[in-house]
Amino acid sequence: MGEIIWDMLLCDSSIHNTLFRVICRTAESLEKLYVSRLWEPTEIQGLEAAICSVLDILSIMLSDFSKEIQVGATRLLSMLCIIGDHSPPYLFGTSCFGPEDKQIADFRRSVYNVLSEQFLWNENLFVAVLKLLTSAARYQPAFLISVLDDKGKAEVLEALLQFAKRSDDLINSNPRVWLNVLNFLQALWQGASQYTDILKQLRSSGRLWKELSKYINIIAKTKPFSFQTLYKMEAQSLAYKYQCQAVILEIVACDMFLQRKLQLLNQKPDLSKEGIENGGFSGNVAKELCHFKDILSLSCDQSILGDLIQSSMSFDYDNEVTLRAKIAASLFAVHVMGKLATGDAGSLSVSLSKKIHVMSKKLSALPAFTELAAQYSQQGYSGGKELDLLILSDLYYHLQGELEGRKIESGPYKELSYYLLDSDFLQSYRSKSSEDLFSPADHVYLFNTLQIKTDMGLDLWKYSQWKPFESIGERMLICIQEANLMLLLSSSKLSALRAVVSVLSLNQEESTEDKSPTKREMSKQLNPSWIDHICRCFHSTLKSLSPVFYSSETILHFLAAQVELLLSLLKSNYKMIPINKHLLVLETSALGLRMLNDFIPSVAAVQRTMKLLLMLLLSSLECISFNLHSDNIGITEVRNTCLRLLPVLCNCLGNSENYALSLTVIDLMIKHCLVPNTWFPILQKHLQIQLLIQKLRDKDSLNLVPIILKFLLTLSHVKEGAEMLLISGFFPSLKLLFEKPPQHIWGLGLSVITSMIHSLGESSTYLDFIDSVINYFFKEKVYLISFYLNNPPVDFASDDRPDRKRARSQKRQTTLSSLKETENTLVLICVLAKNHRSSWVKAMKETDSQLRERSIHLLAFFSQATSPLLCPPLLKEEIDSYRNPSFVRSRNAWFALSALGCVPHSRSFSDISNKTTALILEDQSTENTTGGGSSTYFADTVGVQIYKISFLLLKYLLLEAKGAAKRAEELGFVDLAHFPELPMPEILHGLQNQAIAIVTEICDANKIKLIQPEIQSLCLLLLQIMEMSLYLELCVSQICGIRPVLGHVEGFSKEVKLLIKATEKHAFLKASMTELKRIMSLVFPHLSKAERFS
């Protein structure tokens, strides 16, 4: 009957018309009836009762609400706001929703009266109004603004702020009401773009921030609790308190986010008075905001933030409570099975009877049940229904004993109890909590005890033959209510912990982006001792984890939140965290991964928790690798811990969801924290290298290819690793991958092959592999080699008119990724030409001349340095580096030109071209250039990349020249017909001038301070370029008989003297300068002794 009536209420339009005719009466029309002679008082009271009933019916149709007329109407309107937001406008006209001005004014006055006066005598109405305002704020902003905005007045907001003064009393006496106030405030902050004026009024009230911070102080001091020691009302109150804490912190996080965006929008990186006023807020607001954020960011153990971490991290989840509820439900189900077997369904609903009947059939079909039936038959019991009832009866008493604390021994009854505990009987009654629609814990799924009680027909048991068994149903409901309470409390605490993570994460982001003293202080004050507490709590939570019961999902969510908090701490304070804390993090992560690996992998919460643990490992390892380079303390402990972690991480590779992250962690660990003779045997035992290489051929794993290749590159640096790759068929798999390579894979693949060749050495054992590599890359894929040696595209046309130069410049566009792939191509060429000379010469007889010509062509372009190379930042890390300042700080050669060409696509080419033309006309040599672009970290990176390529081009040409010289020695004469092509002296002079200018500039700029390691590497690279170019110049002059031009020698001598003087105070350049002086003396032997470079 219930379903039939429900369908009629939902589908019968005549019923709808009748219901709406009853409730479509205003308060004024009801008042007029009392003065009418046509209506008796009893009739008016009957009409009011009818309105209450109709409101009740409509409320039930949307949700389960109370029967009071004001409360029911308010709740109904709340639900209509939500439904209206999700409904198509052409069906309900919600886009034009808006009552008349008089109705709005009356409604505003009613809301004000309720918020001002009615809390003491009508709490339900007060809460219902707050929920209505929250619903309107979320789903009907225009309606809410019309209610709150009374011609500049803010009576409703003022009433709410007045009510907030009572937060001290509400925190302990009625946190549920305070939670609804906070939910409304949170809805306003989440819809900040629509409630700008409202938020200004709230921000300007120091009272609000004062009350919120006061509440955080109180809840942060909450002592750890045990669920078993809490009474029902205490547990509910505590759950609401944690939800209040979560909402307050989410409001803080929202406001911090909004303020940060406002600062970025106005280019004001601080919270100064002027910055806030320019954004539309007063100086008083800035003061309040700074004060409130400072409260949450204090560092010592006694601080608010420290106390919040201490109080919200512990997780007291008792699996026994959930287990008792499942055992009680199983006990009830077995009892009902016995009753149904005799045809007695009692007052059970049809749906419940059907569920338990299906369970009974499945139970009796289990092997354990059949085994028991056979045992009972052997003991002389008759078969059939009586035997089934006997088994059910014994199973009932076994379950009753377990509920009372006596465990069921292993055997058939234990297996039957496992089936009942894992059945979906109780699970079918889980539903989303709807007590507070907008609370932080509204996502928690609780057991619907009211529906269970209704389906049981428990109220009728006392009037039937089921009366003796009434305690069974009542005990089940009590156990389920306890489980619900624990789920609610744990979910509330989880929401509070997640809110702490949100605030910490925002603090970390602001301290990273904002370099003001306030933000730097925030970062410094984070206490590393919190890591100990978090790790202890994580270990404790892990002990609560059980793969048997559904409740473990709640624990997994809490584990994930704990790891997120730890990750935020590491990111915000990594420089101050000592090695022993990182070791604790590594061990904690290993413990979590080891346990979760044995868990059900299909559970989404398991995947997310494992992902966060791997991210935590990655972050900690990055910090450790950074510290190990500067501090040897704790190296042994770090290595031992990492070695214990490797098998666990190899096991994680079996999880496809976190495959990439697991492999990245392994790669970082063996690259920076371990030595090969320790990690290789472990990987050899636990890593399935064949499956790893097969993924290169898998079309569904293309996104993993770069990560796999980076790991294989690390593996190939060890001879045993290179041999492993060779045996496992890496090269054939790579060739298949190169048939249709993903973007930017060419360079990585070449790097692995190059590393393998280098690691395998010059042994003749691997000649077949070397020959196959040369044949594949320089015959089958020679077009790709040519492509990357023509990167960037270079056109040396003879027409030097400005418009022609501009057109050629426009074609010279490349990317940083392409330049790196050019570098990798040249590295392979150099390794083959040096380490396997005979195989190289033999295979390259027909194409070596073209290869040298392309190399000289590219080298000549880099030598000229007269027009910028267009290389815009494209990838995220490139765009980030573009926003960072220059680290080389050079105004010479390619560093000056890169500042012009390495800009985002939004910068028009015409602007760059015009600046370039002016720059070229002003100074063709680009020396001491101060042109129109401001250098960035990205531009410097491109400049460094150009010089790396130049170095490799010179290295390759020098190898070719040395090879020719060796042949000349063997033959006794120089065979000019077969002598390799070499660059003209002018090309080499250009590179020499660039190297001298940049190194001199850097050394002069750092006379009294230490040069950073990356700048030292650049200086050494440039001096090597200069040295090799001089060797090639010596070779060209001797073979071709070209004498140095006197003017060049004088200018070169002058610049070199400045270089020598600039480098004298920098010890790291001493060895390079010694070699440089030696080769200069050979190239310029005719200089007088006074002019010698000594």
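Residues numbered from 1 in each chain as written. Predicted model: local features only at pLDDT ≥ 70, side-chain atom pairs only at ≥ 80, totals over all residues. Heavy atoms only, no water.

Asks: Would you mind going over the packing of aromatic side chains in detail, with residue names and values included?
Replies: Here the structure, examined in full by the defined rule, presents 23 aromatic pairs. Pairing F895 with Y947 gives two aromatic rings, centres 5.8 Å apart and planes at 35°, and the pair type is tilted. Taken as a pair, F895 in helix α46 (residues 893-901) and Y947 in helix α48 (residues 937-971) lie far apart in primary sequence, 52 residues in all. Residue class for Y947 comes out buried when judged on its relative accessible area of 2%. An aromatic cluster of three or more residues is present, and its members are F731, F738, W746, F769, Y776, F777, F787 and Y788. For the cation-ring pair, K695 lies above Y659, with the distance from its terminal atom to the ring centre recorded as 4.7 Å. (Phe/Tyr/Trp six-rings, centres within 6.5 Å; stacked < 30°, edge-to-face > 60°. Helix = DSSP H or I, 4+ residues; strand = E, 2+ residues; numbered from the N terminus. Buried < 20%, exposed > 50% of the residue type's maximum accessible area, 1.4 Å probe, protein only. Lys NZ or Arg CZ within 6 Å of the ring centre and 35° of its normal.)

Asks: Go over the nonpolar core, please, and point to the residues and values.
Replies: Soluble, globular proteins show a tendency: their nonpolar side chains are buried together. Ranked by internal contacts, the top residues of the largest apolar core, which has 323 residues, are F332, L712, F730, I753 and F777. For this core, the leading source of residues is helix α25 (residues 470-513), giving 19 residues. If we ignore the near neighbours within four places in the chain, the residues touching L712 are I689, L692, L696, L725, F730 and V752. Core analysis: the next-biggest nonpolar cluster, separate from the first, contains 10 residues, I23, L47, I51 and L58 among them. (Core = buried A, V, L, I, M, F, W, Y, C linked by side-chain atoms within 4.5 Å. Contact = heavy atoms within 4.5 Å.)

Asks: Go over the environment of L161, please, and point to the residues and values.
Replies: Structurally, the position occupied by L161 is in helix α10 (residues 155-164). The spacing of L161 and L208 is 47 residues in sequence and 6.7 Å in space, taken between C-alpha atoms.

Asks: Could you give an account of the packing of helix α38 (residues 746-760) against helix α42 (residues 816-835), naming the residues involved and the relevant values?
Replies: One can describe the packing of α38 onto α42 by two numbers: an axis separation of 8 Å at closest approach and a directional angle of 20°. Comparing their axes, α42 and α38 come out roughly parallel. Two packed elements cross with a definite hand, and for α38 against α42 that hand is left-handed. The residues of α42 that touch α38, namely those facing W746, G747, L748, L750, S751, I753, T754, I757 and H758, are E821, N824, T825, V827, L828, V831, L832 and N835. (Axes fitted to C-alpha atoms, helices over the stretch in contact; angles between N-to-C directions. Parallel < 35°, antiparallel > 145°, perpendicular 65-115°, else oblique. Left-handed = near helix turned anticlockwise from the far one by under 90°.)

Asks: Mind laying out helix α27 (residues 529-543), listing which residues take part and the relevant values?
Replies: End to end, α27 covers 22 Å across 15 residues, agreeing with the expected 21 Å (1.5 Å per residue, within 8%). Within α27, burial applies to W530, I531, H533, I534, C535, C537, F538, T541 and L542. (Expected span 1.5 Å × (residues − 1).)

Asks: Describe the confidence of the model for the protein, with residues and values.
Replies: Taken residue by residue, the protein gives an average pLDDT of 78. The fraction at 70 or more is 78%. Looking at the elements of the protein, mean pLDDT is at its lowest for helix α6 (residues 89-92), recorded as 34, and at its highest for helix α35 (residues 705-716), recorded as 92. Low pLDDT (under 50) marks residues 64-68, which in the prediction has 13 contacts with non-local residues, meaning those over four places away or in another chain. Predicted confidence is poor over residues 84-97, with pLDDT under 50, and the contacts of this stretch with residues over four places away or in other chains come to 11 contacts. (pLDDT = per-residue confidence, 0-100.)

Asks: Break down the side chain of T541 for me, with residues and values.
Replies: Along the chain, the position of T541 falls in helix α27. A relative accessible area of 0% means that T541 is categorised as buried. A distance of 3.1 Å separates a polar atom in the side chain of T541 from a polar atom in the side chain of Q562. Those residues in contact with T541 that sit more than four places away from it in its chain are F315, I555, F558, L559 and Q562. (Polar contact = N/O pair within 3.5 Å; in protein donor to acceptor, adjacent residues only side chain to side chain.)

Asks: Got a sec to walk through the side chain of S353? Specific residues and values, please.
Replies: Assignment of secondary structure puts S353 in helix α20 (residues 350-364). Look at S353 and you get buried, because its relative accessible area is 14%.

Asks: Just give me the short version of helix α31 (residues 635-652), but keep the residues and values in it.
Replies: Since the α-helix turns once every 3.6 residues, residues separated by three or four places project in the same direction. With 18 residues, α31 should cover 26 Å at 1.5 Å per step; its first-to-last C-alpha distance of 25 Å lies within 8% of that length. The sharpest bend along α31 measures roughly 30° and falls at L646, with the proline P647 sitting one to four residues further on. (Bend = angle between axes of the 7 residues up to and from the residue.)

Asks: An account of the pattern of salt bridges is requested, with residue identities and associated values reported.
Replies: Under the counting rule described, the total for this entry stands at 14 salt bridges. Linking K581 and D532 is a salt bridge whose minimum nitrogen-to-oxygen distance equals 2.4 Å. Placement of the pair is K581 in helix α29 (residues 579-597) and D532 in helix α27, with a sequence separation of 49 residues. Note on K581: relative accessible area 13%, which makes it buried. Here E587 makes a salt bridge to R644, at a shortest N to O gap of 3.8 Å. Within this pair, whereas E587 is found in helix α29, its partner R644 is found in helix α31, the two being separated by 57 residues in sequence. Via salt bridges that share partners, R837, D848, R852, E960 and E981 belong to a single interconnected network. (Salt bridge = Lys/Arg side-chain N within 4 Å of Asp/Glu carboxyl O.)

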